[in-house]
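Here is how the chains run, residue by residue.
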Amino acid sequence: MTTATAGGTGTPQPASASSSHGAKPASDDRPPPQPLNGNASAPASNSTLPTPAAGPPPAATPLYSASASAAAAAAAAAAAAAAAARLREPGAALGPPYSQTICSDFLGPGPLPPGRRLYLVILNYTLPAGLPHVWEQACFRVCADGGCNRLHDELPSLAPPPPPPPTSALSAAATEPLASASAAAAGTSAASPATAPATAPAAASCTPAATAAAAGAGAAATADPELALRLAHLPDLVLGDLDSLRPDTREFYTRHNVPFLDLSHDQDSTDLTKAVALVEQRFIACDPHPDPDPDRHQILVLGALGGRLDHTLGNLNTVHMFPHLNICLWGDGNLVRLLRPGTARIEPDTRFEGPECGLVPLAGPATATSTGLLYNVDDTPLRVGGLVSTSNQIVGQGPVEVLTDAPLLWTTSLRADPRPEPAELWGRVWGAAGAAGAAPGQP
């Protein structure tokens, strides 16, 4: 049984939000389940990414979208008021309409739902073993300063041991770009623009010396599983103060054409805040998709929990700075999301997630009602220094519904990290190692 301590008294008191006293078991009739200012050392090269608007933002543009936050807060407050006005039998499901839907579909083995976009932010703390699993699902991956060291150093320990590289697959992956390079150097057309490898070098670079260097890079990568693994997990960007970045790490990623964005002129925001602001400006704010739902854009922050407490609190603060965005912090065996004012439907992936969970009003007092928890709250005041819902549990496979009049942190434990199938992972890795033969850099 979990208890909450009344502010300053030190006397444990029964907590209806997280103990059996006054708890309300879950009902059985629940419904079925633009770029930032800075000095970039190289332009982003991923041609499949949306092109940011031309020109830098005005100097007075804040790092986070204050207008979007205000609009989101007003909409959330209206949704909360409408939800609170609905008649509901005690213990019954809240039901739609929902102002927010939280899913953990990035944990599952299948592809993301159509239209869902996943962005990874890598921070400078122990990375979850699920990184190789979510890497392939993401459309953009950014390392925040020392997170680049973590990616470089910890990646080999996050992957299963490699099987022997498939010689035939390596030969095809390595020789195709080299054949294209040789053909281009000879003035012939070995592949049409629609079929040529995206990483093939320009004809001007396809000299015999460049071809030999490229062959050496591919051969070295295929002979070294750790190098091959790193080549298959190159970030799209490294940003931040760059003061925690080791010289050898920067040299490695620079050699493999990873761009760096120096934002050391801004000392009033964390590297995570800068990364989230860049993702919002470059991708989310200019999204032409007809579905305006911001929750279809998922920002997943790896290495965000654990270690230094001030860093963890800073990361939680960043989540509150962007209440209109769908941000998930992942680290140290936990996931954390922000519930906006209104009614949220939460769909946990119980193969990995839970049953332990919590509702924490970090930003200020909140009054909340829930369904789908072992110890539901029912129009219950929650506040730091008073009652908070910790050591709660998800009932069955969910869903969970939460109605709140103020922001709440939703936390869940992870029993295990998702892992890719070894054959699938290393097939992708060896393919990337072979494709390294098309790059002019050295291993």
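As the structure is a computational prediction, the values presented were derived from the model and not from experiment.

## A few points about the sheet that holds strand β12 (residues 342-347)
Spatial ordering of the open sheet is given by β4-β12-β17-β14-β15, a layout of five strands whose pairing is mixed. Strand pairing shows two members of the sheet lacking a second neighbour, β4 (100-103) and β15 (380-382), which therefore form its edges. Within the sheet, the average angular offset between the axes of one strand and its neighbour, ignoring direction, is 30 degrees. Of the pairings in the sheet, the one linking β12 to strand β17 (residues 400-404) comprises five bridges and is antiparallel in character. In the strand pairing of β17, isoleucine 346 is matched with valine 400.

## With respect to the pattern of salt bridges
Across all of its chains, the model carries 16 salt bridges by this definition. A salt bridge links glutamate 154 to arginine 150, with the shortest nitrogen-to-oxygen separation between them at 2.8 Å. Of this pair, glutamate 154 and arginine 150 are both found in helix α3 (residues 147-158), four residues apart, which corresponds to roughly one turn of the helix. Overall, arginine 150 belongs to the partly exposed group, its relative accessible area being 24%. Two residues, arginine 345 and glutamate 347, come together in a salt bridge whose shortest N-O distance is 2.9 Å. We classify arginine 345 as buried; its relative accessible area is 8%. Using a relative accessible area of 31% as the deciding quantity, one classes glutamate 347 as partly exposed.

## Some words on the packing of α3 against helix α7 (residues 247-255)
Put simply, α3 and α7 touch, their axes get as near as 10 Å, and they point 80 degrees apart. Here α3 is positioned roughly perpendicular relative to α7, judged by the angle of their axes. Contacts between α3 and α7 involve Cys148, Asn149, Leu151 and His152 from the former and Thr249, Phe252 and Tyr253 from the latter. Here the contact of α3 with α7 is built from residues that sort into four nonpolar, three polar and no charged.

## Topic: α7
Those residues of α7 not exposed but buried are Thr249, Phe252 and Tyr253. Looking down the long axis of α7, one finds its buried residues gathered within 90 degrees of arc, a one-sided arrangement. Of the surrounding secondary structure, the elements contacted by the buried residues of α7 are α3, α6 (225-231) and β8 (260-262). One or two residues past the end of α7 sits asparagine 257, with phi positive at roughly 65 degrees.

## Things to note about unusual backbone geometry
For the bond from glycine 354 to proline 355, the omega torsion is 5 degrees, close enough to zero to count as cis. For proline 355, the position within the fold is in strand β13 (residues 353-360). Phi at leucine 242 takes a positive value of approximately 65 degrees, unusual for a residue other than glycine. Tracing the sequence through the fold places leucine 242 in the loop between β7 (237-240) and α7. Here serine 391, not a glycine, exhibits a phi torsion of approximately 50 degrees, which is positive.

## A closer look at the packing of aromatic side chains
Enumeration according to the criterion identifies five aromatic pairs in this entry. Centre to centre, the rings of phenylalanine 140 and phenylalanine 283 are 4.7 Å apart; their planes meet at 50 degrees, and the pair counts as tilted. Linking phenylalanine 140 in strand β6 (residues 140-144) with phenylalanine 283 in helix α8 (residues 271-284), this pair joins segments that are 143 residues apart in sequence. Given a relative accessible area of 0%, phenylalanine 140 falls into the buried group. Ring centres 5.0 Å apart and planes at 85 degrees place the aromatic pair phenylalanine 252 and tyrosine 253 in the edge-to-face group. Taking the relative accessible area as the measure of exposure, phenylalanine 252 reaches 7% and is therefore buried.

## Considering the confidence of the model for the protein chain
Taken over all residues, the pLDDT of the protein chain has a mean of 75, while the share at 70 or more is 63%. Confidence drops under a pLDDT of 50 for residues 1-35, and excluding neighbours within four residues, the segment shows 90 contacts in the predicted structure. In this model, residues 39-64 is a region of pLDDT below 50 whose contacts with residues beyond four sequence positions or in other chains number 41 contacts.

## Thoughts on the packing of α8 against helix α9 (residues 309-321)
It is at 9 Å that the axes of α8 and α9 come closest, and there the two elements cross at 30 degrees. Regarding the angle of α8 to α9, the classification is roughly parallel. Crossing angle aside, the handedness with which α8 passes α9 is right-handed. Here Leu272, Thr273 and Val276 of α8 lie close against α9, whose contacting residues are Asn315, Thr318 and Met321. Looking at the contact of α8 with α9, its residues break down into three nonpolar, three polar and no charged.

## Let's talk about the side chain of histidine 324
Positionally, histidine 324 belongs in the loop between α9 and β10 (326-331). Here glutamate 280 takes part through its side chain, which lies 2.8 Å from a polar atom of the side chain of histidine 324.

## Considerations on the environment of proline 381
Tracing the chain through its elements places proline 381 in strand β15. Taking the C-alpha atoms as reference points, proline 381 and threonine 404, 23 residues apart in sequence, are found 9.7 Å from one another. Not counting chain neighbours up to four residues away, the residues in contact with proline 381 comprise Ala366, Thr367 and Leu387.

## Here we look at the nonpolar core
Phe106, Leu118, Leu131, Val134, Leu300, Leu302 and Trp330 are the most contacted members of the largest nonpolar core, which totals 42 residues. Looking at this core, the elements with two or more residues in it are β5 (117-122), α2 (131-135), α3, α6, α7, β9 (297-302), β10 and α10 (422-435). Of all the elements, α10 adds the most residues to this core, at five residues. Residues lining this core come from more than one domain, with at least three contributed by each of domain 1 (116-158 + 224-332) and domain 2 (333-416). Ranked by size, the runner-up nonpolar core spans 32 residues in total, among them Ile299, Leu316, Val336 and Leu338.

Definitions and cut-offs
Residues numbered from 1 in each chain as written. Predicted model: local features only at pLDDT ≥ 70, side-chain atom pairs only at ≥ 80, totals over all residues. Heavy atoms only, no water. Pairing = 2+ DSSP bridges. Helix = DSSP H or I, 4+ residues; strand = E, 2+ residues; numbered from the N terminus. Axes fitted to C-alpha atoms, helices over the stretch in contact; angles between N-to-C directions. Salt bridge = Lys/Arg side-chain N within 4 Å of Asp/Glu carboxyl O. Buried < 20%, exposed > 50% of the residue type's maximum accessible area, 1.4 Å probe, protein only. Parallel < 35°, antiparallel > 145°, perpendicular 65-115°, else oblique. Contact = heavy atoms within 4.5 Å. Nonpolar A, V, L, I, M, F, W, Y, C, P; charged D, E, K, R; others polar. Arc of directions from axis to C-beta. Phe/Tyr/Trp six-rings, centres within 6.5 Å; stacked < 30°, edge-to-face > 60°. pLDDT = per-residue confidence, 0-100. Left-handed = near helix turned anticlockwise from the far one by under 90°. Polar contact = N/O pair within 3.5 Å; in protein donor to acceptor, adjacent residues only side chain to side chain. Core = buried A, V, L, I, M, F, W, Y, C linked by side-chain atoms within 4.5 Å. Domains from an automatic or database assignment.

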